[in-house]
Each structure stands twice: as structure tokens, then as C-alpha cells.
Amino acid sequence: MSAVKCPAADDVTRVDVTTLIDLHRHARTLSLKSSRIRARMSGQYVSAFRGRGMEFDEARPYQPGDDIRSIDWRVTARTGRTHTKLFREERERPVLLWVDFRRSMFFGTRNYFKSVLAARIAGLLAWATAQQGDRLGGLIFSDQVHHELRPQRGQFATLHFLQQLAEHPAWTQGVQQQPDAGSGMRALLRLRRVARPGSLIFLLSDFRDMHEDMQSQLAQLKRHNDVVMLFINDPLERELPPAGLYRVSDGKRELDINSRDKQHRQRYQQRFEQHRQTLQQQCQKLGVYFIDISTEDVMLHKLQSELGRVTGR
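Residues numbered from 1 in each chain as written. Predicted model: local features only at pLDDT ≥ 70, side-chain atom pairs only at ≥ 80, totals over all residues. Heavy atoms only, no water.

J.: So what exactly am I meant to see when it comes to the pattern of salt bridges here?
T.: Working definition: two side chains of opposite charge can pair if their charged atoms are close together. Across all of its chains, the model carries 15 salt bridges by this definition. Of the charged contacts, one joins Arg-25 and Asp-22 as a salt bridge, the two residues approaching to 2.9 Å between their closest N and O atoms. Classification of Arg-25 by relative accessible area gives partly exposed; the value is 44%. Asp-100 is the salt-bridge partner of Arg-102, the closest N and O atoms lying 2.9 Å from each other. The residues Arg-102 and Asp-100 share a single accessibility class, namely buried. (Salt bridge = Lys/Arg side-chain N within 4 Å of Asp/Glu carboxyl O. Buried < 20%, exposed > 50% of the residue type's maximum accessible area, 1.4 Å probe, protein only.)

Structure (C-alpha cells):
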């Protein structure tokens, strides 16, 4: 079932703005902040999300798992003991949501389309951002249409973002969109122009076209920001159903899937797993947080668990 309720009919193949507004009740259970609050400095905190380029706070002895790029070499040389730099974030940190509504996202066999799951996750994160006093912005894009939203603060900015999610032209075009192989790259380039150092960035996509050029852009984003990749997928993409003949449809066209060939099912599963592992390995290499979320997952519980792991809550 869905994370917070069983989706209505119009929340299966597209999302309704009232559904996104209703998510505010559940966003309180999500934290985008670290639990390590600095009581001596009101309004400021040290976060598990440590964006590069934020204001230096202090150095402390190195601990296993610290980013080696944050080692304070001067203090290390002076004391003879490895120290790590800690950075102080601004209380009103920009949070950017990069939401993919391209053709491949309009697919799903559990609960709703991947595009609907992406919109619902974005809605939860948007409300969590507002409730924690941060500025919300981002990029909502399809193969043809890119909506860029500069970071703003307050409920009006949140409602505007939700409206852009629900009213994006991709919902009426769906799988009828003309695929554009360069749309993902352009969306990352535009995101880099919007992002300022110290931003917290969430990427919501199935990352079908994650080639080397896009990996390079991701590396540039990560240099000065905290980045979370939410890999959105569907169970039928992970593996074919048991041996048999199945018919699938996009509402206009039909396609028969023959899963009787065991070797074909294995190759199919291996292709998905290779894609997932490539994304995860790239994230580990760059220091990007990786969250694997499926249309069959309980969305809210999954996000609570994964974001809690990242922030230490």
C-alpha cells in the first residue's frame, strides 16, 4: 500500500495537488537536520549533511568514517594527531528537489507510477523543508519542459512548488513524450546554476541515462553541496514475473511479455542489478547518499528509516 494512505484513482497514474497538500501532516516525522545540536550557538548546528564550502566551525580528532577531504592538515601537523574540520551550516539552508518526470517515469505495477511516487516523495520533502525553516527550490523536468524554482522560504513557496509538481505538462503527455537523450544532462546543468554552496540536494529519478557526462556533473554538484540520490524503481523492473505470458498496457498500446525463458529472466534481472550497483558504487565514490525506493515500499517508513540513518536520528 502507499506510505500514508491508499491512493485514489487519480493518484495512481498522476498526482493530485490535494494529495500533496495533505502530506504536511506526515512531514513532521522526517528530519533533514542532524541530531547533534550545538546548544552554545543558538540557531546553528553541525549536520550529518556536511556541505563543502560552509563556514568553518572547529576541528576535532578524526573519527572513523569522517570524510578525508575535511582533514585539517594544519592542526594535524601541529598536534601530531589527525583532526577533522567541522562546518557550521546556515539555519535557513537551501533545499533543492530535482524531480524527473521524463517518459520512463510513467510506469508502475504496484500502487502507482514511478512519477507519482517521485511527486509524493518531493511533497513530503517540501513540507519537511518548510517546517524546519529552510528555503525550498529545485527543478521539475520532463523530456521537453523544465520548471526551475529558485529557493524561497515559507508556506507560499511550498504550495507553489506542490502546484508545479501537480500541474506539470508531463502528466498529460506521459509515455507519449518524445524521448530526449540530453534532457537529464541539461537538467543537471540547470540545477548547478540554481544551487549555491551548502545546499542540500535531493535527486529523484530512475536514472536511466546516467552516463559518464552526467556523473561528472554530479561530482561537481557534490563538491560544495550535500547530495541525496533517490533511485526510484518498480518491482517489474527488478525481475520478470513467474513463467507465463503477460499483457501490459499504457492505456493505448498493449505489449505481451513472455517470461517462460529462464535465461531471459536471469539476464533481465542482471541488467537491473547492474544498473543499481553502478549507481550505488558511483554514489559511494562521490560521497553521495544513496536511497533505493520502490513503488511497493511503504514510502513514509522507508524515508524515515533512510533519512534517520543519514542524519543520525
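Next comes the rest of the description.
J.: Would you take a moment to explain the nonpolar core for this structure?
T.: What tends to happen in soluble globular proteins is that the nonpolar side chains get buried as a cluster. Of all hydrophobic cores here, the largest spans 46 residues; its most connected members are Leu-97, Ile-121 and Phe-202. Looking at this core, the element that brings in the most residues is helix H4 (residues 114-131), giving eleven residues. Look past the residues within four positions of Ile-121 in its chain and what remains in contact with it is Leu-204, Leu-230, Ile-232, Ile-293, Met-299 and Leu-303. Phe-141, Val-194, Ala-195 and Phe-272 belong to the second-largest nonpolar core, a separate cluster that totals 26 residues. (Core = buried A, V, L, I, M, F, W, Y, C linked by side-chain atoms within 4.5 Å. Helix = DSSP H or I, 4+ residues; strand = E, 2+ residues; numbered from the N terminus. Contact = heavy atoms within 4.5 Å.)

J.: Sorry if this is basic, but what is going on with the side chain of Asp-134 here?
T.: For Asp-134, the location among the structural elements is in the loop between H4 and strand E4 (135-141). Polar contacts involving the side chain of Asp-134 include one to the main-chain amide nitrogen of Arg-93, which spans 3.0 Å. (Polar contact = N/O pair within 3.5 Å; in protein donor to acceptor, adjacent residues only side chain to side chain.)

J.: What is the right way to look at the confidence of the model for the protein chain in this model?
T.: Should the pLDDT be low somewhere, the predicted coordinates at that spot are not to be read in detail. Across the protein chain, the average pLDDT comes to 85, with 85% of residues at or above 70. In the predicted structure, residues 35-47 sits below a pLDDT of 50 and forms 36 contacts with residues beyond four places in sequence or in another chain. (pLDDT = per-residue confidence, 0-100.)

J.: Could you clarify how one ought to interpret unusual backbone geometry in this entry?
T.: Excluding glycine, residues mostly have negative phi values, and the peptide bonds linking residues are mostly trans. Its identity is not glycine, yet Asn-111 carries a phi of approximately 65°, on the positive side. Tracing the backbone shows Asn-111 in the loop between strand E3 (94-100) and H4.

J.: Looking at this model, I keep getting lost on the packing of helix H7 (residues 183-194) against helix H8 (residues 212-224). Mind explaining?
T.: When two helices pack together, their arrangement is captured by the angle between the axes and the distance separating the axes. At a closest axis distance of 10 Å, the pairing of H7 and H8 adopts a crossing angle of 15°. When the axes of H7 and H8 are compared, the pair comes out roughly parallel. With respect to the hand of their crossing, H7 and H8 are arranged in left-handed fashion. Taking contact as the criterion, the partners of Gly-184, Met-185, Leu-188, Leu-189, Leu-191 and Arg-192 in H7 are, on H8, Asp-213, Met-214, Gln-217, Gln-220 and Leu-221. Looking at the contact of H7 with H8 residue by residue, the classes come out as six nonpolar, three polar and two charged. (Axes fitted to C-alpha atoms, helices over the stretch in contact; angles between N-to-C directions. Parallel < 35°, antiparallel > 145°, perpendicular 65-115°, else oblique. Left-handed = near helix turned anticlockwise from the far one by under 90°. Nonpolar A, V, L, I, M, F, W, Y, C, P; charged D, E, K, R; others polar.)

J.: So what exactly am I meant to see when it comes to the sheet that holds strand E5 (residues 146-152) here?
T.: In a beta sheet, neighbouring strands are held together by backbone hydrogen bonds and run either parallel or antiparallel to one another. One open sheet holds the six strands; their spatial order is E5-E4-E3-E6-E7-E10, and the pairing between them is mixed. Pairing within the sheet leaves two strands with one partner each, and these edge strands are E5 and strand E10 (289-294). Direction aside, neighbouring strands of the sheet carry axes that sit 15° apart on average. With six bridges joining them, strand E6 (residues 200-205) and strand E7 (residues 226-233) adopt parallel strand pairing. Residue pairing across strands places Phe-202 opposite Val-228, the latter belonging to E7. Sheet strands in contact with H4 are E3, E4, E6, E7 and E10, and its direction is about 150° off that of E7. Relative to E7, helix H10 (residues 262-286) is tilted by about 175°, and along the sheet it contacts E7 and E10. (Pairing = 2+ DSSP bridges.)

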